[in-house]
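An overview of the molecular structure
Residue-level listing of the chains:
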Amino acid sequence: MANQPVRSISLPSREHPCSVRIEALLNHLKAYQFSSPVPFEFEAIQTSLVALAELYNCVAELIGSPSIQQALLSTRHGKLVEQALEGSITLLDTCNMARDLLLTTKEHVQTLQSALRRKGGDSSVETNIHSYLCFRKKAKKDIAKCLGGLKRMETKVIASQALDLGHDLSMVERTLRETSSITVSIFRFLLKFMAMPAPSAKASGWSLISKLMRMKLLSSEKEEKILNLVGGVDVCLHSLMGNIQSNEGRAQLKMTQRMLETLNSSSEGLMTGLDCMFRCLVQNRVSLLNILTQ
């Protein structure tokens with residue numbers, strides 16, 4: 001993704017002290033979003049999830065403040081809350097799907113690690129490799145559907161017209177809109193990271209692994225792709241199929257074990273971040289529903 005200018009979010013701070021932190025977090029996340037290809041790394045995505053969770057906590061404080069509650073309750077501004085609620089289910093479903101995907105990935109990885117450590121026959125190892133690769137194929141289809149849902153939500157957010165609101169509520173509307181937009185972007189980065197396909201190069205064995213370890217950037221007409229850890233594990237496992245007992249296969253086996261260990265530990269960090277985000281999204285939806293029912 002080419003770098004894009006970052007538009008500063010300017011929110012009035014005199015009436016709402018938490019808006020200062022909201023502005024800082026939004027601008028930080030937007031700047032981080034355009035620092036491609038960094039967002040395709042585990043550490044970068046995990047850091048973004050932590051900042052995003054903090055943003056949601058600040059937003060909860062904002063919409064729960066007495067002045068905003070009074071403004072929402074004293075006027076007929078249900079449309080503002082309805083707009084915010086409209087995409088909340090999509091975000092919750094996406095977050096939950098990503099959590100399930102990481103959990104299943106972790107389970108497959110641990111099974112592979114156990115199989116590779118055992119001194120059983122090639123057929124046992126290759127059965128587990130085949131199972132993992134089949135899971136990856138299905139996961140990519142599920143991710144594609146989820147990305148489609150995020151795209152539709154993003155289109156609605158962009159197309160929605162600004163409401164004729166007072167000063168305070170206009171600020172709340174901008175905050176909710178920007179928060180929703182950046183959440184979609186971060187979830188999209190995470191899903192694309194997990195769906196990263198193996199490179200289509202005809203090279204095999206160490207030439208592919210060498211490219212992987214150098215994290216060589218690949219370009220296409222539609223988008224930029226990077227050989228990340230998830231795609232790299234795919235490469236290694238494809239290379240090991242039918243090749244475990246060869247000299248090259250035994251060397252690749254050690255590298256694959258190291259990469260699986262990294263993927264296993266990295267998945268834990270992302271799962272923790274997504275668990276926190278899921279709780280924030282649930283609380284955000286509950287808070288908005290409570291406003292409508294008062």
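Residues numbered from 1 in each chain as written. Predicted model: local features only at pLDDT ≥ 70, side-chain atom pairs only at ≥ 80, totals over all residues. Heavy atoms only, no water.

As recorded by an unreviewed UniProt entry, the protein chain carries the name Selection/upkeep of intraepithelial T-cells protein and is attributed to Trema orientale.

**As for the overall build of the protein chain**
Across its full length, the protein chain carries 10 helices and two strands. For the protein chain, the N- to C-terminal ordering of α and β elements is α-α-α-α-α-α-α-α-β-β-α-α. Here the analysis covers contacts within the protein chain between residues at least 6 apart in sequence; of these, 79% occur between residues at least 24 apart. If you sum the accessible surface of the protein chain, you get close to 14800 Å²; carbon and sulfur atoms cover 54% of it. (Helix = DSSP H or I, 4+ residues; strand = E, 2+ residues; numbered from the N terminus. Contact = heavy atoms within 4.5 Å. Areas by Shrake-Rupley, 256 points an atom, 1.4 Å probe, with all protein chains shown as cover.)

**Remarks on the environment of Thr 105**
Within the element layout of this structure, Thr 105 appears in helix α5 (residues 88-117). In this structure Thr 105 comes out as buried when scored by relative accessible area, which is 3%. For the pair Thr 105 and Met 194, spaced 89 residues apart in the sequence, the C-alpha separation amounts to 9.6 Å. In this view, Thr 105 contacts Tyr 132, Phe 135, Met 194 and Leu 263; residues no more than four positions away in its chain are not counted. (Buried < 20%, exposed > 50% of the residue type's maximum accessible area, 1.4 Å probe, protein only.)

**Section: helix α9 (residues 229-240)**
If you check α9, its first and last C-alpha atoms are 16 Å apart, about what 12 residues at 1.5 Å a residue would give, namely 16 Å. Across the 12 residues of α9, 11 count as buried, placing the element largely inside the fold. Restricting attention to buried positions, one finds in α9 the residues Leu 229, Val 230, Gly 231, Gly 232, Val 233, Asp 234, Val 235, Cys 236, Leu 237, Ser 239 and Leu 240. In the segment just after α9, Gly 242 is the residue with positive phi, at about 70°. (Expected span 1.5 Å × (residues − 1).)

**With respect to the side chain of Asn 264**
Tracing the backbone shows Asn 264 in helix α10 (residues 247-293). With sequence-adjacent residues up to four places away left out, Asn 264 is seen in contact with Lys 106, Val 109, Gln 110 and Gln 113.

**A word on the packing of aromatic side chains**
Throughout the structure, instances matching the rule amount to one aromatic pair. A ring pair is formed by Tyr 132 and Phe 135, whose centres lie 6.2 Å apart and whose planes are at 55°; its orientation type is tilted. Of this pair, Tyr 132 and Phe 135 both sit in helix α6 (residues 122-159), separated by three residues, roughly a single helical turn. When its relative accessible area of 0% is taken as the criterion, Tyr 132 is described as buried. What makes Phe 135 buried here is its relative accessible area of 14%. Lying over the aromatic face of Phe 278, Arg 99 brings its terminal NZ or CZ to 4.2 Å of the ring centre. (Phe/Tyr/Trp six-rings, centres within 6.5 Å; stacked < 30°, edge-to-face > 60°. Lys NZ or Arg CZ within 6 Å of the ring centre and 35° of its normal.)

**Points about the nonpolar core**
Taken as a class, soluble globular proteins show a tendency for nonpolar side chains to be buried jointly. Judged by nonpolar contacts, the single largest core of 78 residues is most densely connected at Leu 55, Tyr 132, Phe 187 and Met 277. Top contributing element to this core by residue count: α10, with 13 residues. If near-sequence neighbours (up to four positions away) are discounted, Met 277 is found in contact with Leu 49, Leu 52, Ala 53, Tyr 56, Cys 95 and Phe 187. (Core = buried A, V, L, I, M, F, W, Y, C linked by side-chain atoms within 4.5 Å.)

**Comments concerning the side chain of Arg 188**
Structurally, the position occupied by Arg 188 is in helix α7 (residues 167-194). In this structure, Arg 188 is in contact with Leu 147, Leu 150 and Glu 154, ignoring residues within four places of it in sequence.

**Examining the pattern of salt bridges**
Per the counting criterion, the structure on display carries 11 salt bridges. The residue Asp 275 makes a salt bridge to Arg 99 at a minimum N-O spacing of 3.0 Å. Here Asp 275 is found in helix α10, whereas its partner Arg 99 is found in helix α5, with 176 residues between them in sequence. Taken together, the salt bridges that share partners define one network made up of Arg 136, Lys 140 and Asp 234. (Salt bridge = Lys/Arg side-chain N within 4 Å of Asp/Glu carboxyl O.)

**Here's the deal with the state of the cysteines**
In total, this model carries zero disulfides according to the counting rule given. With no disulfide of its own, Cys 18 lies 6.5 Å from the sulfur of Cys 58, the closest cysteine sulfur. The exposure class of Cys 18 is buried, given its relative accessible area of 10%. (Disulfide = S-S within 2.5 Å.)

**So, the confidence of the model for the protein chain**
Per-residue confidence for the protein chain gives a mean pLDDT of 78, with 72% of residues at or over 70. The spread of mean pLDDT over the elements of the protein chain runs between strand β1 (residues 217-219), the lowest at 38, and α5, the highest at 94. Below pLDDT 50 for its whole length, residues 199-206 participates in 14 contacts with residues either more than four positions away or in separate chains. (pLDDT = per-residue confidence, 0-100.)

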